Amino acid sequence: MSIEEAVTESAPIFPPPERFQQGEVPVPHINSLEQYKELHEESVKNPTAFWGRVAKELLHWYRPFTQVNYGGFVDGDVQWFSDGQLNVAYNCVDRHAFANPDKVAIIWESDEPGQGEKITYRQLYQEVGKFANVLKKYKVRKGDTVCIYMPMVPEAAYAMLACARIGAVHSVVFAGFSADALRDRIQDAGCKILVTADQGKRGGKSIGLKVIADQALADCPSIEKVIVYQRTGDISVPFSSPRDVWWHEEVDNQSPVCPAETMNAEDPLFMLYTSGSTGKPKGVVHTTAGYLLGATATVKYIFDLHENDRFGCMADVGWITGHSYIVYGPLSNGITTVIFESIPTYPTPSRYWQLIDDHQLTQFYTAPTAIRALRRLGDEHVEPYKLDSLRVLGSVGEPINPEAWLWYHKVIGRERCAIVDTYWQTETGSIIVTPLPGAIATKPGSATLPFFGIDLAVLDPTTGQELLGNDVTGVLAIRQPFPSIARTVYDNHIRYLDTYMKPYHKYYFTGDGVTRDADGYYWIRGRVDDVINVSGHRLSTAEIESALILHPACAEAAVVGINDDVTGQAIVCFASLKSHHADETAITKAFVAQIRTHIGPFATPKRIVITPELPKTRSGKIMRRILRKVAGQEVTLADLEDEDGLRNKLGDLSTLADPSIVPTLIKKVAGRQ
Ligand code: 7RM
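What comes next concerns the included structure.

**A few points about the overall build of the chain**
Logical step 1: Secondary structure assignment for the chain yields 20 helices and 30 strands.
Logical step 2: What you see for the chain is a C-alpha radius of gyration of 25 Å, in line with the 26 Å of a compact globule of 673 residues.
Logical step 3: Looking at the 673 residues of the chain, the share that counts as buried comes to 62%.
Logical step 4: Taking contacts inside the chain between residues at least 6 apart in sequence as the whole, the part at least 24 apart equals 72%.
Logical step 5: Summed over its atoms, the accessible surface of the chain is roughly 25300 Å², and 49% of this surface lies on carbon and sulfur atoms.

**Remarks on helix α3 (residues 47-58)**
Logical step 1: With 12 residues, α3 should cover 16 Å at 1.5 Å per step; its first-to-last C-alpha distance of 16 Å lies within 8% of that length.
Logical step 2: Turning to α3, its buried residues are Pro47, Phe50, Trp51, Gly52, Val54, Ala55 and Leu58.
Logical step 3: Those residues of α3 that are buried lie in contact with α2 (33-45), β1 (69-70), β2 (79-80), α4 (88-99) and α10 (288-302).

**Describing the site of the ligand**
Logical step 1: What surrounds the ligand is a group of 17 residues, the closest being Asp421, Thr422, Thr426, Asp512 and Arg538.
Logical step 2: One of the side-chain nitrogen or oxygen atoms of Asp421 is found 2.7 Å away from a nitrogen atom of the ligand.
Logical step 3: Between an oxygen atom of the ligand and a side-chain N or O atom of Arg538, the distance comes to 2.8 Å.
Logical step 4: For the ligand, whose accessible area on its own is 530 Å², the fraction buried by protein is 96%.
Logical step 5: Within the residue set of the shell around the ligand, elements represented by two or more residues are α11 (320-332), β20 (418-422) and β25 (522-527).
Logical step 6: In terms of residue class, the shell around the ligand is made up of 6 nonpolar, 6 polar and 5 charged.

**Describing the packing of aromatic side chains**
Logical step 1: The final tally for this structure, using the stated rule, is 40 aromatic pairs.
Logical step 2: Between Trp61 and Phe65, the ring centres sit 4.8 Å apart and the planes meet at 70 degrees, which makes this aromatic pair edge-to-face.
Logical step 3: Between Phe174 and Phe177, the aromatic rings sit 6.2 Å apart at their centres with planes inclined by 80 degrees, giving edge-to-face as the arrangement.
Logical step 4: On the basis of relative accessible area, Phe174 is assigned to the buried category, the value being 11%.
Logical step 5: Taken together, the aromatic side chains of Tyr36, Phe50, Trp51, Tyr301, Phe451 and Phe452 make up a single cluster linked through ring pairs.
Logical step 6: Over the face of the ring belonging to Phe177 we find Arg185, whose NZ or CZ atom lies 4.2 Å from the ring centre.
Logical step 7: In this structure, Lys443 packs its charged tip against the face of Tyr521, placed 4.8 Å from the ring centre.

**Brief notes about the sheet that holds strand β17 (residues 336-340)**
Logical step 1: The strand order across the open sheet built from 7 strands is β5-β4-β17-β16-β18-β19-β20, with neighbouring strands paired in mixed fashion. Each edge of the open sheet carries a strand with a single partner, namely β5 (117-120) and β20. Within this sheet the neighbouring strands show an average axis-to-axis angle of 20 degrees, counted without direction.
Logical step 2: Summarising the sheet, strand β16 (residues 310-313) and strand β18 (residues 363-366) pair through 3 bridges and their orientation is parallel. Within β18, the residue paired with Cys313 across the bridge is Tyr365.
Logical step 3: The sheet strands contacting helix α6 (residues 154-166) are β4 (104-109), β5 and β17, and the helix crosses β4 at an angle near 140 degrees.
Logical step 4: Running at roughly 150 degrees to β17, α11 makes contact with β4, β16, β17, β18 and β19 (392-396) of the sheet.

**Remarks on the sheet that holds strand β22 (residues 472-478)**
Logical step 1: In spatial order, the strands read β21-β22-β24-β25; together these 4 strands make up an open sheet with antiparallel pairing. Edge positions in the sheet fall to β21 (456-459) and β25, since each has one partner strand and no second. Taken pair by pair, the neighbouring strands of this sheet meet at an average axis angle of 45 degrees, ignoring direction.
Logical step 2: Where β21 meets β22, 4 bridges bridge the pair, whose relative direction is antiparallel. Counted as the bridge partner of Val458 is Leu476 from β22.

**Here we look at the pattern of salt bridges**
Logical step 1: Counting across every chain of the model gives 36 salt bridges.
Logical step 2: Across the pair Arg53 and Glu42 runs a salt bridge whose closest N-O atoms are separated by 3.0 Å. Here Arg53 is found in helix α3, whereas its partner Glu42 is found in helix α2, with 11 residues between them in sequence.
Logical step 3: Relative accessible area serves as the criterion here: at 38%, Arg53 is assigned to the partly exposed category.

**Looking at the packing of helix α18 (residues 624-631) against helix α20 (residues 661-670)**
Logical step 1: Packing of α18 against α20 leaves a shortest axis separation of 10 Å and a crossing angle of 30 degrees. Of the possible angle classes, the one that applies to α18 and α20 is roughly parallel. Crossing geometry of α18 relative to α20 is assigned as right-handed. Between α18 and α20, the contacting residues are Ile626, Leu627 and Val630 on the first element and Val662, Leu665, Ile666 and Val669 on the second.

**Regarding the nonpolar core**
Logical step 1: With 179 residues, the main nonpolar core has Phe81, Leu124 and Tyr328 as its most contacted residues.
Logical step 2: Residue contributions to this core peak at 10 residues, all from α6.
Logical step 3: Beyond its immediate stretch of four places on either side in the chain, Tyr328 contacts Val88, Cys92, Met160, Leu161, Ala164, His170, Leu269, Phe270, Tyr291, Leu292 and His323.
Logical step 4: Leu355, Ala370, Leu393 and Ile412 belong to the second largest nonpolar core, which has 27 residues in total.

**A word on the environment of Lys629**
Logical step 1: Within the secondary structure, Lys629 sits in helix α18.
Logical step 2: Residue Lys629 is classed as partly exposed on the basis of its relative accessible area of 22%.
Logical step 3: When the C-alpha positions of Lys629 and Ala99 are compared, they lie 59 Å apart, and in sequence the two are 530 residues distant.
Logical step 4: Not counting residues up to four positions away in its chain, the partners in contact with Lys629 are Glu634, Val635, Lys649 and Leu650.

**Let's talk about the pairing of β17**
Logical step 1: For β17, the tally of buried residues reaches 5 of 5 residues, placing the bulk of the element in the interior.
Logical step 2: In this structure, β16 lies alongside β17, joined through 2 bridges in parallel fashion. Looking at the pairing, Phe311 lines up with Thr337 of β17.

**Concerning the pairing of strand β24 (residues 508-516)**
Logical step 1: Among the 9 residues of β24, 9 are classified as buried, and the element is accordingly described as predominantly covered.
Logical step 2: Here β22 pairs with β24 via 6 bridges, running antiparallel. Looking at β24, one finds that Val475 is bridged to Gly513.
Logical step 3: Strand direction decides the pairing type here: β24 and β25, joined by 5 bridges, are antiparallel. Looking at the pairing, Gly513 lines up with Gly526 of β25.

**Quick word on the side chain of Thr515**
Logical step 1: On the secondary structure map, Thr515 appears in strand β24.
Logical step 2: A polar side-chain atom of Thr515 sits 2.8 Å from a polar atom in the side chain of Thr473.
Logical step 3: There is a polar contact of 2.4 Å between the side chain of Thr515 and the side chain of Arg525.
Logical step 4: Not counting residues up to four positions away in its chain, the partners in contact with Thr515 are Val7, Val472, Thr473, Tyr521, Tyr522, Trp523 and Arg525.

Rules behind the numbers
Residues numbered from 1 in each chain as written. Predicted model: local features only at pLDDT ≥ 70, side-chain atom pairs only at ≥ 80, totals over all residues. Heavy atoms only, no water. Helix = DSSP H or I, 4+ residues; strand = E, 2+ residues; numbered from the N terminus. Rg over C-alpha atoms; globule rule 2.2 N^0.38 Å. Buried < 20%, exposed > 50% of the residue type's maximum accessible area, 1.4 Å probe, protein only. Contact = heavy atoms within 4.5 Å. Areas by Shrake-Rupley, 256 points an atom, 1.4 Å probe, with all protein chains shown as cover. Expected span 1.5 Å × (residues − 1). Near = heavy atom within 4 Å. Polar contact = N/O pair within 3.5 Å; in protein donor to acceptor, adjacent residues only side chain to side chain. Nonpolar A, V, L, I, M, F, W, Y, C, P; charged D, E, K, R; others polar. Phe/Tyr/Trp six-rings, centres within 6.5 Å; stacked < 30°, edge-to-face > 60°. Lys NZ or Arg CZ within 6 Å of the ring centre and 35° of its normal. Pairing = 2+ DSSP bridges. Axes fitted to C-alpha atoms, helices over the stretch in contact; angles between N-to-C directions. Salt bridge = Lys/Arg side-chain N within 4 Å of Asp/Glu carboxyl O. Parallel < 35°, antiparallel > 145°, perpendicular 65-115°, else oblique. Left-handed = near helix turned anticlockwise from the far one by under 90°. Core = buried A, V, L, I, M, F, W, Y, C linked by side-chain atoms within 4.5 Å.

Below, the structure written as structure tokens:
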């Protein structure tokens with residue numbers, strides 16, 4: 001069933017699980033639709049009162065704020081709690097280490113089952129303190145940027161929190177990115193320190209992070225020190241002394257005590273690169289208080305956290321989901337979080353379910369692509385597990401199709417858990433559209449209703465007019481600022497304004513299409529810009545095209561996303577060559593390699609189509625609409641027989657400079673030419 005069908009065919013409705021009201025499990029924090037509505041209304045009508053209260057309740061302040069909010073989307077000058085002072089590491093570590101030193105903060109589930117560890121809040125305090133002192137030894141100061149290129153080990157979280165402790169700004173780069181991508185991000189942010197590992201481990205395979213980092217660093221003069229965590233010790237990694245130092249040697253003789261810097265609410269906490277419609281990723285900047293409050297409040301209310309919960313988010317710390325829902329949100333709430341190093345199918349497709357039972361996880365958060373892939377592998381991998389510790393199951397990263405949702409609900413949730421389809425972005429810092437487990441009835445495929453403080457608008461994409469009432473489809477925008485919205489793009493505020501504030505005056509533009517159904521529920525339909533979403537990884541078509549064009553054999557390239565049953569979308573590249581005599585098989589391989597080295601293996605295209613020309617208008621614009629339909633096989637060889645039918649499917653072709661390109665492309669995709 002497509003989302004289209006799900007919205008229109010009056011979707012089934014699932015009320016909050018009955019057992020939530022029967023004393024068997026903790027009573028949800030937000031326990032009725034009325035309570036949600038009342039709080040939501042207050043939060044958007046009087047954000048000052050609402051967020052002022054929640055900020056005092058959930059965070060520890062060194063100096064209380066007197067002003068709650070300032071600025072807006074018109075001028076892109078958003079501020080929250082601006083005269084307040086606090087420290088994120090104090091909030092995520094110290095306050096819990098003092099109150100509950102022996103409570104487990106992190107469950108580290110290593111790639112090989114059974115080799116993991118549990119880290120208490122006391123240990124976390126000590127490890128973060130030691131590493132913060134290492135950073136200080138190497139002259140890292142408030143406002144300096146530190147790049148973290150790490151596998152999924154607790155040390156990645158220690159490094160993030162150590163930065164927060166001393167006021168350094170971290171830039172975590174996902175360990176799946178290539179040397180070129182790492183280099184670009186280090187250069188853009190002017191990072192002083194790189195924190196990495198000898199190797200990463202994933203699904204039994206090793207990834208040579210230090211070797212990749214060295215390639216990147218050949219062109220990164222800003223880096224003064226490389227701190228290398230020894231994850232495997234399996235290979236002797238090249239060391240370039242005195243630039244390179246070992247993590248274990250450095251922390252060994254450091255004091256675990258490092259005073260937490262007093263930070264202003266609006267001081268930057270971190271930046272994280274994300275893809276937009278251009279070839280150059282943006283360093284989205286989040287600030288101290290607003291971001292932390294967003295992460296803390298959303299995870300508490302959306303996953304209904306209670307004191308003894310064990311929360312498992314399966315994302316990577318290299319993405320925003322890992323920042324907010326592995327590290328900052330859960331730890332700020334003082335509960336137990338999971339760092340999962342492996343993949344869902346290693347060593348067997350039962351890995352997640354084994355993990356849930358072994359650690360008695362109460363919440364589990366993953367992406368639709370993983371849910372679909374595991375569903376395909378068969379229920380026999382799930383059935384032997386009890387899964388009775390679970391209360392809330394979350395989904396994030398892309399629209400979840402109703403079939404996958406229902407499977408998650410029945411086979412994993414055993415019809416006794418709340419499913420929360422959570423919609424948000426790197427830029428929003430925390431979840432913005434979502435059900436609340438005890439309050440909002442769900443419809444499979446809909447992210448349901450806005451979280452507190454989120455004031456949504458559906459706009460007509462062309463006129464920018466707001467579409468009022470229910471049963472409307474348009475683009476999703478946000479009317480007023482909320483604490484965790486990104487404040488700027490690193491070193492490029494103009495780009496921030498141009499991307500998010502300019503498209504629709506007075507609104508923040510999400511870039512997503514949306515339907516608000518007859519009940520006022522939101523159904524996210526995916527990007528309306530040139531961003532594609534492969535397994536929940538956000539990529540820009542322009543970024544992939546830029547990589548291809550850099551290959552000496554490539555004349556022109558156009559990249560489109562097509563639907564894929566498992567990964568949501570998949571990448572198809574159309575390319576024309578400089579020489580028509582080239583060996584196409586060899587070139588195709590070279591192009592795949594080109595993308596993998598410029599971006600990373602997760603951007604591997606599903607298909608490369610070599611074509612003599614791209615379909616262009618007479619003015620030279622590439623007609624992506626045609627490429628999308630041809631790539632997705634919405635038009636096939638059979639349509640070539642019928643000119644009217646072809647026009648019906650592809651739309652107006654009269655602006656095409658050379659209409660004969662259409663049959664050529666169709667034949668190419670069908671493998672007939
Ligand atoms: C958290 C994250 C953001 C883009 C966003 C959407 C898509 C994310 C959902 C979703 C439908 C969801 N950050 N998206 N969550 N679409 N339903 N629940 O993914 O910056 O990497 O991507 O992802 O298109 O704009 S992200």
